[in-house]
Number of protein chains: 2
Amino acid sequence: MPNKILVLGAGRVGHAMALDLARSFQVTTADISAERLQSLQGITETFRGDLTEPELLLQLASEHDLIVGALPGDLGYRMIETLIPLGKPIVDISFFPQDARPLDRLARKHGTLVIYDCGVAPGMGNIILGHHDRLMDVASYRCVVGGLPKDRIWPWEYKAVFSPYDVIEEYTRPARYRQSGVEVVREALSEPELVHFEGIGTLEAWNSDGLRSLLHTMRAPDMIEKTLRYPGSIEYLRVLRDSGFFSKDEVDIKGQLIRPLDLTAHLLMKQWELKPGDREFTVMKVEIEGTENGSFRKYCYTLHDEGDAQSGVSSMARTTGYTCTAIVHLISGGHTLSAGCHPPEILGMQNGALEYILQYQKERGINYRIS
Amino acid sequence: MPNKILVLGAGRVGHAMALDLARSFQVTTADISAERLQSLQGITETFRGDLTEPELLLQLASEHDLIVGALPGDLGYRMIETLIPLGKPIVDISFFPQDARPLDRLARKHGTLVIYDCGVAPGMGNIILGHHDRLMDVASYRCVVGGLPKDRIWPWEYKAVFSPYDVIEEYTRPARYRQSGVEVVREALSEPELVHFEGIGTLEAWNSDGLRSLLHTMRAPDMIEKTLRYPGSIEYLRVLRDSGFFSKDEVDIKGQLIRPLDLTAHLLMKQWELKPGDREFTVMKVEIEGTENGSFRKYCYTLHDEGDAQSGVSSMARTTGYTCTAIVHLISGGHTLSAGCHPPEILGMQNGALEYILQYQKERGINYRIS
């Protein structure tokens, strides 16, 4: 049973996780920003430093029993790569964009357990599908998910808890799905459809590249994930994208080379920034169909979480972070996972894992409605 | 009667004017770009040089009898200021943004006649209003005008024959109107309304700052000008504007200071560029109401011009340029205008001026329907 946990990154989600883990463990939170660490002082140990320095990272991690990664995507991958040789378990929510297979080989070699993508989406959807895939012959998996502000402010009607670059990536990266057993690629923001949620109203779901590891680990012939936004804003995003505002190709503006994406991210960050007091919620619906014990079954998991107004922890930070901290508790308490760099559906296949994680989140007010 | 005319600027409109004037006068066309001058060689004299050089400009102009200005807005003002002391008439379509009053004082001092804003809008609307203002007690003037592509291509459904900076200026500069005798200011792109045109369909008219000199020269208590676009695109423009993409305030992008407007103009130029073979048209409706000889009268002038496919002269170049060349012919043939820097409504007040200009354009296939 690990006692000392290192949380790398004190952003929104890292901060929420550090607070949650500090109730059960001895926690150190590390970040490059003193400002982000300030409110954690006295609750966890804090360490300020440049976490892209491998020696510093290794030194810090070697003093702990388990590592929780909450760094930005690109740093996340390098952090895991650096720390695997230490042999300590790593649970990560950086949602790094790279292929995880090299990390898996490295983790097997060093006998290290790494679980990545431990958020709500990716994360909970994977765990749910892993759980059912073990018990039934899954024919189709469909997930629609989004984090949205309560107040719809024109034109974007959106607030990001992630970096605007990560959000814009959702609007540009082609979406990979599986249909009738064949992998298909759809343009991002395409095929919008209206979806109705009780207590929320009508949202719009469109293609985004969210299946990630599920395309490699799961056999279901039909798998799709879509992102939810308020109806309409997709049109403005397509205008920006199709006019070149999301482009990563440098253009020459009066002698200066600039990527349109960088300016767009700068401008939209101001529009999309979730400010203290902004009310937001997370909504997700996972539908799994298939054959169980010889008969057709359909499972539907619906999440509608409204954040914690009292603590100021945003809904996205809660639903993402408490999935990750639940997994930390789960693997701390003993597990049968072999060494490797695993996506969360592998954990979901473990007997009792989904039940544990749902119960853990329920105790923190996050309720998945199951039908 | 002047024989030698100097056309400054061989852009779309300057080019069309040089060709038109060469039928009656000895013309020299000057531009900084050899490429733009190329197709005029053999038809007019051509002169390549930097027209922002005052000495060069004065030398060139002194060899001619009348100057036609077709330079970009800002250069236009300085050109006029430089050349007024020569005493030669100047007819300009640069649509310079500055206040014309200092030029008027200078022109009076040197006994020079300058007519500016000699295009279609501003231009023809002013001439029409000037004409009727002399004959009736005008109660209201309303002008809606736009240049549009025949093929509507999502998202912008627009092609610019002007610089994208000038187009974006229309989307940002507050619109000044007169209502019930009081000057009012409306946000650009505001108060959209649908307007139906026979043979075109439904367009959308919204507030833009187009009255210019009319606010100073005309007494009508109600005056308004709106810009026409295909319905819908206004919404995307408001999204860009309200998100900061039209801002002239520099932002720091990875250590480089850049004005969002510069990148936006760069990206939208590619979207908006009118390419050879692109079909476009000009539409304008001028409505004047008032009391004439003791009874209520309403005059309506409608222009729907489809460019000249044979010559490749765009509609906007024709309707703008041939207003200007008509004025060149008109003042060449003798006129009673006093020295000064005049907007075209002053010319419109001259007996027979509007009739001459309408007839001149009719001979070139540009027909204003009057009712």
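Each value, and the rule that gives it
- Residues numbered from 1 in each chain as written.
- Chains lettered and ligands numbered in written order.
- Predicted model: local features only at pLDDT ≥ 70, side-chain atom pairs only at ≥ 80, totals over all residues.
- Heavy atoms only, no water.
- Pairing = 2+ DSSP bridges.
- Helix = DSSP H or I, 4+ residues; strand = E, 2+ residues; numbered from the N terminus.
- Axes fitted to C-alpha atoms, helices over the stretch in contact; angles between N-to-C directions.
- Contact = heavy atoms within 4.5 Å.
- 1 Å grid on protein atoms, 1.4 Å probe; cavity = no way out; pocket = protein on both sides within 12 Å on 5 of 7 lines; lining within 4 Å.
- Points joined across faces, edges and corners; volume = space filled by probe spheres on them.
- Nonpolar A, V, L, I, M, F, W, Y, C, P; charged D, E, K, R; others polar.
- Expected span 1.5 Å × (residues − 1).
- Buried < 20%, exposed > 50% of the residue type's maximum accessible area, 1.4 Å probe, protein only.
- Least-squares fit on C-alpha atoms with pLDDT ≥ 70 in both.
- pLDDT = per-residue confidence, 0-100.
- Disulfide = S-S within 2.5 Å.

(A) Fine view of the sheet that holds strand 4 (residues 66–69) of chain A. Residues and elements named next belong to chain A. Spatial ordering of the open sheet is given by 3-2-1-4-5-6-17, a layout of seven strands whose pairing is parallel. Looking along the sheet, the strands with just one partner apiece sit at the ends: strand 3 (45–48) and strand 17 (340–342). Strand-to-strand twist in this sheet, taken as the mean axis angle between neighbours without regard to direction, amounts to 15°. The strands touched by helix 5 (residues 101–110) are strand 6 (113–115) and strand 17; relative to strand 17, the strand with the most contacts, the crossing angle is about 140°.

(B) Representation of empty space enclosed by the protein within the structure. Residues and elements named next belong to chain B. Per the stated rule, a full pass over the model turns up one cavity of 30 Å³ or more. The volume enclosed by the largest cavity comes to roughly 30 Å³. Considering the residues around the largest cavity, the lining is formed by Phe 95, Gly 119, Val 120, Ala 121, Pro 122, Phe 162, Met 316 and Thr 320. Residues of the lining of the largest cavity, tallied by class, amount to six nonpolar, two polar and no charged.

(C) Here's a closer look at helix 10 (residues 260–272) of chain B. Between its terminal C-alpha atoms helix 10 of chain B stretches 18 Å, which fits the 18 Å expected from 13 residues at 1.5 Å a residue. Among the residues of helix 10 of chain B, those classed as buried are Pro260(B), Leu261(B), Asp262(B), Leu263(B), Thr264(B), Ala265(B), Leu267(B), Leu268(B) and Trp272(B).

(D) Quick look at the relation of the copies chain A and chain B. Overlaying chain A on chain B yields an RMSD of 0.0 Å, the required transformation being a rotation through 180° with an accompanying axial translation of 0.1 Å. What we have between these two chains is a two-fold relation. If distances are taken from each C-alpha of chain A to the rotation axis, the shortest is found for Tyr236(A), at 3.3 Å. Both copies share a contact surface, since 100% of the interface residues of chain A are interface residues in chain B too.

(E) Fine view of the confidence of the model for chain A. On average, residues of chain A score 94 in pLDDT, and 99% of them reach the 70 mark or higher. Model confidence for the complex is summarised by a pTM of 0.86, with the ipTM given as 0.83.

(F) The arrangement of the state of the cysteines in detail. Residue and element names in this part refer to chain A. Here the structure, examined in full by the defined rule, presents zero disulfides over all chains. Not part of a disulfide, Cys 300 finds its nearest cysteine sulfur in Cys 143, a span of 11 Å. With a relative accessible area of 11%, Cys 300 lands in the buried category.

(G) A look at unusual backbone geometry. In this chain, Ala121(B) is followed by Pro122(B) through a cis amide linkage whose omega measures 0°. Tracing the backbone through its elements, the reader meets Pro122(B) in the loop between strand 6 (113–115) and helix 6 (124–135). At the junction of Trp154(B) and Pro155(B), the peptide bond is cis and its omega measures out at 0° in the coordinates. As for its placement among the helices and strands, Pro155(B) is situated in the loop between strand 7 (137–149) and helix 7 (164–172). The backbone of Ser180(A) sits at a positive phi, close to 50°, despite the residue not being glycine. When you line up the elements, Ser180(A) lands in the loop between strand 8 (175–179) and strand 9 (182–186). Residue Asp117(B) is not a glycine yet carries a positive backbone phi of 60°. Checked against the element boundaries, Asp117(B) lands in the loop between strand 6 and helix 6.

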